[in-house]
Amino acid sequence: MRIRFTKMQGAGNDFVMLDETRGPLGLSTAHYRFLADRHFGVGADQILTVRPAPAEGIDFEYVIHNADGGEVEQCGNGARCFVRFVREQGLTTKDAVKVKTLGGIIEPRMQPDGRVTVNMGAPVFELARIPFNPAGLTPVPAGSWQKWPLVLDGYAQEAPVLIAVVSMGNPHAVQLVDDVDTAPVLQTGPLIEHHASFPKRVNAGFMQVVSRSQIRLRVYERGAGETLACGTGACAAVVAGIRLGLLGHRVDVLTRGGQLTIEWTGMLDASVMMTGPATTVFESEIEIPDWP
């Protein structure tokens, strides 16, 4: 089967965009892995699929598959690419669209300068909804919140890793580091991702606070490994920094792929707003292998 796709990127987080508004392509987990493969397929951190509106008052459904083929709840950088894609493909003329994801409803909006702002919804702190299982762990008070100590099996460490846990439609474990360049992202990222306290795995964020209005961030993403940027990871890091008393309400997040701006009032039921770039790289077609 031959399918058409668009390659896009948001701050270096790259995606294969698929249009299923005219009918399902019927892709399997193996097909998604093939598309994401950087040697044999197109190459991407995630595969993003546009589907028809599932209900009145919703413009589209947005389905996200990681590079390992697994479906996930949310992708912030992908949401920005999503709204640019549906406009460029003539699927809508709106500057703002309401989109259903597995993690909830989001509202990306095109800005006059070409960047995109996404209302990512309110962060989730209830441990069962993240989901995070604190059994056997004792929280450490920090700011108006707390951190959780994790012992990472198979990794020599002088003390447990202290993480703040939050969901932005998908689960995140955020830790403070002195320098993101020397942080053991590739060593401890997969250990945190698969830690037994996270029944659905977790995205591991490594945050360096530069000032109250700027952080540096690296994220080891669930099912994808380290990416050049992670939109929900940027939101989670800023939310954690604000609750820990380290950040103001508007923060520039410097990732290896570019800059994102995150705004949150600190009110627990307030939405997190994310603004950043979304760029089309190229369009083409690819032959999909005949796999189940």
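Note: the structure precedes this text.
Description of the structure in this document. (Residues numbered from 1 in each chain as written. Predicted model: local features only at pLDDT ≥ 70, side-chain atom pairs only at ≥ 80, totals over all residues. Heavy atoms only, no water.)

**Here we look at the pairing of strand E4 (residues 60–66)**
Extensive coverage of E4 is indicated by the burial of six of its seven residues. Across six bridges, strand E3 (residues 46–51) lies against E4 in antiparallel orientation. Bridge pairing in E4 places arginine 51 opposite glutamate 61. The pairing of E4 with strand E6 (residues 99–101) spans two bridges and is parallel. Its bridge partner being in E6, glutamate 61 is matched across the sheet by lysine 100. Here two bridges tie E4 to strand E5 (residues 71–72), and the two strands are oriented antiparallel to one another. In the strand pairing of E5, isoleucine 64 is matched with valine 72. Counted between consecutive antiparallel strands, the loop separating E4 from E5 contains four residues, among which glycine 69 sits at a positive phi close to 95°. (Buried < 20%, exposed > 50% of the residue type's maximum accessible area, 1.4 Å probe, protein only. Helix = DSSP H or I, 4+ residues; strand = E, 2+ residues; numbered from the N terminus. Pairing = 2+ DSSP bridges.)

**Considerations on the packing of aromatic side chains**
One pass over the structure, following the stated rule, counts seven aromatic pairs. Between phenylalanine 60 and phenylalanine 82, the aromatic rings sit 5.9 Å apart at their centres with planes inclined by 70°, giving edge-to-face as the arrangement. One end of the pair, phenylalanine 60, is in strand E4; the other, phenylalanine 82, is in helix H2 (residues 76–88), and 22 residues separate them in sequence. A centroid spacing of 6.3 Å and a plane angle of 45° characterise the contact between phenylalanine 125 and tryptophan 264, whose relative ring orientation is tilted. Of the two residues, phenylalanine 125 is situated in the loop between strand E8 (116–119) and strand E9 (140–142) and tryptophan 264 in the loop between strand E17 (258–263) and strand E18 (273–276); the sequence distance between them amounts to 139 residues. In this structure phenylalanine 125 comes out as buried when scored by relative accessible area, which is 17%. For tryptophan 264, a relative accessible area of 2% translates into the label buried. Among the aromatic side chains, those forming a connected cluster through ring pairs are Phe60, Tyr62 and Phe82. Over the ring of phenylalanine 125 we find arginine 243, and its NZ or CZ is 4.5 Å from the ring centre. (Phe/Tyr/Trp six-rings, centres within 6.5 Å; stacked < 30°, edge-to-face > 60°. Lys NZ or Arg CZ within 6 Å of the ring centre and 35° of its normal.)

Spatial relationships are all this shows, so hold off on functional conclusions.
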